[in-house]
4 protein chains.
Amino acid sequence: MIRAVVRKGVGVYGHEFVGFCDGWRGPLEGETVPLDIQAVRGILPRGGTILGSSRTNPLKIEGGVEKIKGNLAEAGVDALIAIGGEDTLGVAKQLFDQGVKVVGVPKTIDNDLNATDYTFGFDTAVNIAVEAIDRLHTTAESHHRALICEVMGRHAGWIALHAGMAGGANVILIPEKPFDIDRVCAYVESRFQTRYAPIIVVAEGAHPIEGQMTLQAGELDAFGHVRLGGIGEMLAKEIEKRTGKEARTTVLGHIQRGGTPTAFDRVLATRFGLQAIDAVHDGEFGVMVALRGTDIVRAGLGEATKELKTVPVGRYEEAEVFFG
Amino acid sequence: MIRAVVRKGVGVYGHEFVGFCDGWRGPLEGETVPLDIQAVRGILPRGGTILGSSRTNPLKIEGGVEKIKGNLAEAGVDALIAIGGEDTLGVAKQLFDQGVKVVGVPKTIDNDLNATDYTFGFDTAVNIAVEAIDRLHTTAESHHRALICEVMGRHAGWIALHAGMAGGANVILIPEKPFDIDRVCAYVESRFQTRYAPIIVVAEGAHPIEGQMTLQAGELDAFGHVRLGGIGEMLAKEIEKRTGKEARTTVLGHIQRGGTPTAFDRVLATRFGLQAIDAVHDGEFGVMVALRGTDIVRAGLGEATKELKTVPVGRYEEAEVFFG
Amino acid sequence: MIRAVVRKGVGVYGHEFVGFCDGWRGPLEGETVPLDIQAVRGILPRGGTILGSSRTNPLKIEGGVEKIKGNLAEAGVDALIAIGGEDTLGVAKQLFDQGVKVVGVPKTIDNDLNATDYTFGFDTAVNIAVEAIDRLHTTAESHHRALICEVMGRHAGWIALHAGMAGGANVILIPEKPFDIDRVCAYVESRFQTRYAPIIVVAEGAHPIEGQMTLQAGELDAFGHVRLGGIGEMLAKEIEKRTGKEARTTVLGHIQRGGTPTAFDRVLATRFGLQAIDAVHDGEFGVMVALRGTDIVRAGLGEATKELKTVPVGRYEEAEVFFG
Amino acid sequence: MIRAVVRKGVGVYGHEFVGFCDGWRGPLEGETVPLDIQAVRGILPRGGTILGSSRTNPLKIEGGVEKIKGNLAEAGVDALIAIGGEDTLGVAKQLFDQGVKVVGVPKTIDNDLNATDYTFGFDTAVNIAVEAIDRLHTTAESHHRALICEVMGRHAGWIALHAGMAGGANVILIPEKPFDIDRVCAYVESRFQTRYAPIIVVAEGAHPIEGQMTLQAGELDAFGHVRLGGIGEMLAKEIEKRTGKEARTTVLGHIQRGGTPTAFDRVLATRFGLQAIDAVHDGEFGVMVALRGTDIVRAGLGEATKELKTVPVGRYEEAEVFFG
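Residues numbered from 1 in each chain as written. Chains lettered and ligands numbered in written order. Predicted model: local features only at pLDDT ≥ 70, side-chain atom pairs only at ≥ 80, totals over all residues. Heavy atoms only, no water.

## Some remarks on the interface of chain A and chain C
To keep things clear, this is the line we draw: The contact definition used throughout considers only heavy atoms, calling two residues in contact when any of these lie within 4.5 Å. Each salt bridge in this description consists of a side-chain nitrogen of Lys or Arg and a carboxyl oxygen of Asp or Glu lying within 4 Å of one another. Here a polar contact is taken to be a pair of N or O atoms separated by no more than 3.5 Å, where protein atoms must pair a possible hydrogen donor with a possible acceptor and residues adjacent in sequence count only if both atoms sit in side chains.
Taken together, the 47 residues of chain A in the interface contact 47 residues of chain C. At the junction of chain A and chain C, the tally comes to four salt bridges. Residue C:R135 is joined to A:E131 by a salt bridge in which the shortest nitrogen-to-oxygen separation is 3.2 Å. Across the chain A-chain C interface, the total number found is nine residue pairs in polar contact (both at pLDDT 80 or more).

Here it is as structure tokens:
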């Protein structure tokens, strides 16, 4: 993405670039790094971001927006390209409303942004999860254990849905639909009737119907997140207690964020970058670049961030055909 | 795909299935295999097809269509789901016009079918090619050779375009646009000015502007195909002759067709399968299931097959920003 | 392995084979499956075992050995090839001592068998773990969190040692050497001084110097195992408490057992299989096939199973050069 | 490797390092790059070499050795660590004989160096080839074509042998044993009797029994190499002519040299590096670090380079069990 912006911005439009480090911390503190053709060489096959990230939210800091405007002016920045998910682009929207020239780029493995078919990072995360599930199938064929794979997704079950469908999971549990532990155990027991063991894909934010599980959900940690290992581990214990079968959990955690991006994500990111710099060149701000079918278009930042894009009922029902 | 059709067809609609072997050879000769839930177990992570394929074209065989109609009736088949690319679905269209109840599913690594955003098999092929290009970069950093990667694509450059863009190729050559060998050599020589060697991605069907290359194109072989190794090998020799630099060619060939499908392709194939059996259930024939954005829809077989979907000029120009 | 035994046994020596299912449960209960050339077709790229596994230990079952001898005789079995780790081959040794013609094959991802350079399954498990660690590096470059990767190894730290060394971990913790949590936290804090976050690879059986950690170790579960997620999760909490930095854990669990085996493991397994059937043909029993350098040899089952092969001090010190 | 040398050399022994660029060209021309801890950060998961390579042979250049000695002295170099295959280490041996303090490290994908069980780079190359062969199996199951995979190995068939054995090839052809085209075609035809198509792995240096093939071998190119595509392509044409079946060739070429190294190669390279700097520290020169079983030892450069390590007859016969 950054590579495409810089390559076209420098090569075609003659722009200059600086990179702000660590998400909104960079613009807030005015910390920049040089971003020229040389700086973006070789980054295509690398995941993550060469600029770092943080959870800093300038809207929660007194005078945050003014500081950013000041730092942008001081660095001689005409326009800002903001790359990230709901939080990042929500801030971008606020900055635009207060006069900053912003173009947004949807990047999050959670795929939970509206106004775009996909965000980049999602396809890579799904493939990593599918690879893990494929490997669990080997064990499922020879060992007699329920295998649980906990994937990312606190509020939206996109990774679980796609990875579970692609991986041939016997059950998929997503945050959008509280699950019935009795039904999950029924699937587990019916699967054990065949010579294969069940594989359950669970989003970290999935949860049972209220009051149904006797074990307590992982409490929030000091950083406001459900502890990794929470629901997958809980589910394993609950299944063991109820069915008498062994259950084992794999927690993918941060490996879903990293590694070499897929071709889909690289093409998407590259085309997003080209469109973002075109938007800047055209002077069209307050927009997010977005995928619609095979086209890269521009959507309003407001439309993109007004609510989370969660898994629709129909898509989940589609997957349920394969449960059990 | 087949798994999804059978799982939903048997589990939800109560249908029964037989598989016809080896493309159109199966229906022509009435050769079937049983297709029940058991037969489709474990095929999700496998590429290719459990039913085999062939180049048999019933339209070129006297009485071919009648034979197929007879064999379908004899096997008690109410509706036919045809899976394949332009050739397969072209035949499906003809059969539909002659009264056979057909639903088509777009499967080809070439991605050259109209009416759908993507065909399945394409994403996997592109990822395999990108992986190869990534590996060439290692050599490009340490050896001083032009590296050529020949990918599939006789008439459409989709694989070359996506793989080249995702892989950071220095030049991409596609069948849709005859290339200028002088310009290719200029890119090669300018790239050698940096400490990296150039990587060229070339579709097997790419060709130079007429009369420009002194070496002859690979003649058609006994099966009517350009010999693998043709254009990549020719290009290597031409570049060596013109620039004095060593050039080496990798010919991916059939490895692009195989192996474990990507998550994207598996989800796409699964959803295509669900839509195909729904179309059958709805009694809607003469259609091809298709991807539009994130939706699976039905398109007319005629629309899908009337002409090849080639790479539009705009998409190629997008990629040219990164040439050199 | 099984494929090589059957291919050479049938093709060269004219033997016939049956497979006993689910580890020692099969011979105990006399449950067999046919094992001919057809049964072993296509299994090379698949991990796991086509015969299943279990934890059944015939030595702990009254009259277990006699039952096995009876079932072998009844099935017309002249010789038994036992495939597995310490437990399986320990039983094989006992059976041999009681007159059963046994040849052992060392298969365990833990690599903890004496008398062989490597067991098969180990190289694949290490590569899977390294792939995960590589992906964590992406996050470590952009997020500011300590990343913990828990790998298998209850008694021996081979996977952690090799994966940690190959993955460039900042600290590796193995069961053979109780760790000093103060030193671990010191590495974590010094690493945060650079722009990269620390990556810690921990074997599931690693543990702190006695009394040092305030959190309790995961209690044994109903099946006698430390709960997955135990030490990795504990370590994360302890690091957060002591350093004030966020820590995140990935628990690889059973994905290390599965998937497509590496070339090293496939060649090793194939050559083990050839040597095993040769030993049977030569009438040499009570041996385990073993790798020594590039040769496949035969070692006494007693030598192989008398004690666990753990990581020697020297190998761990080698790795410590890269800590911090 | 370089990382391990520098990390231990700087961190433990307090040495300083410079890197010579592009193989022997660097020492000859006195071109160096700085090599400190910072320079080797992040190179572990990358294949290839950060120092570049060339075919420059100082022994063929008048006064070459003297120039190197002069440049080493001028750069203040006390000892030289030479990394490479037969050519590189042959030069290292000559330099040592003429008084230069040299330690060699065996790095070549060809695995053709004596005195070490394996060279590093080999395991990665084999895995890449196996991945390709696995993918060809998909096509072999559904299409009716002979599939040929040409791998590296001009003088030694190690890659072909290991990749072919691990990939389940139906025939493996290596330079050490001229092949009988009639026998190859017999395997091809017998394989077509099953429902699978044959897969042939051929080393680029393999060749038929003299006079047997009617097509001419690829002539040497301007750089003294058999053209890539040579034997694989020839074989395809010959098989088509003799059997009437279609044959398709994949030429892996330089993709075998690159990409992320396997865990085996990374551990091996790291341990080679540690041993190399230890040898320097111990003042033991004229040696090559080497793998023997699980130990890293030192062998004489003379022993290592006196003749090529080719595939022994016994290893090839082992593989022949699986032919056909």
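## With respect to the sheet that holds strand β10 (residues 295-300) of chain B
Residue and element names in this part refer to chain B. Definition in use: Strands pair, by our definition, only if DSSP identifies at least two bridges between them. The way it works is that DSSP assigns letters per residue, a run of H or I at least four long becomes a helix, a run of E at least two long becomes a strand, and they are numbered from the N terminus. Axis definition: a line fitted to C-alpha atoms, limited for helices to the stretch in contact. Angles are taken between N-to-C directions and run from 0 to 180 degrees.
Taken in spatial order, the four strands of this open sheet run β3-β4-β9-β10, and their pairing is mixed. Edge positions in the sheet fall to β3 (80-84) and β10, since each has one partner strand and no second. Here the strands of the sheet are splayed against their neighbours by 30° on average, with no regard to which way each runs. Contacts from helix α9 (residues 263-282) reach β3, β4 (102-106), β9 (287-292) and β10 within the one sheet, and its direction differs from that of β10 by about 55°.

## With respect to the side chain of D:T108
Residue and element names in this part refer to chain D. Position of T108 among the secondary structure elements: in the loop between β4 (102-106) and α5 (122-142). Here D110 takes part through its backbone nitrogen, which lies 2.9 Å from a polar atom of the side chain of T108. Excluding residues within four positions of it along the chain, T108 makes contact with G85, L113, T119, F120, G121 and F122.

## Quick notes on the packing of aromatic side chains
One pair of aromatic rings is described through two measures. These are the centre distance and the angle between the planes. Selection rule: Any Phe, Tyr or Trp ring, taking Trp's six-membered ring, that has another such ring centre within 6.5 Å forms a pair; planes under 30 degrees apart are called stacked, those over 60 apart edge-to-face, and the others tilted. Accessible area is worked out with a 1.4 Å probe on protein chains only. A residue is then buried under 20% of its type maximum, exposed over 50%, and partly exposed in between.
Throughout the structure, instances matching the rule amount to 22 aromatic pairs over all chains. Between the aromatic rings of B:Y118 and B:F122, the centroid separation amounts to 6.0 Å while the plane-to-plane angle is 10°, which identifies the pairing as stacked. We note that B:Y118, like B:F122, is buried. Connected via pairs of aromatic rings, a cluster forms that spans A:Y118, A:F122, A:F264, B:Y118, B:F122 and B:F264.

## Re the UniProt feature "site: Important for catalytic activity and substrate specificity" (unreviewed entry) in chain A
All names here are of chain A. What counts here: UniProt positions are given in the numbering used here, feature names are shortened, and annotations may be inferred rather than shown by experiment.
According to UniProt, the feature "site: Important for catalytic activity and substrate specificity" (unreviewed entry) maps to D87 in the numbering used here. Among the secondary structure elements, D87 is positioned in helix α4 (residues 86-97). Classification of D87 as exposed rests on a relative accessible area of 61%.

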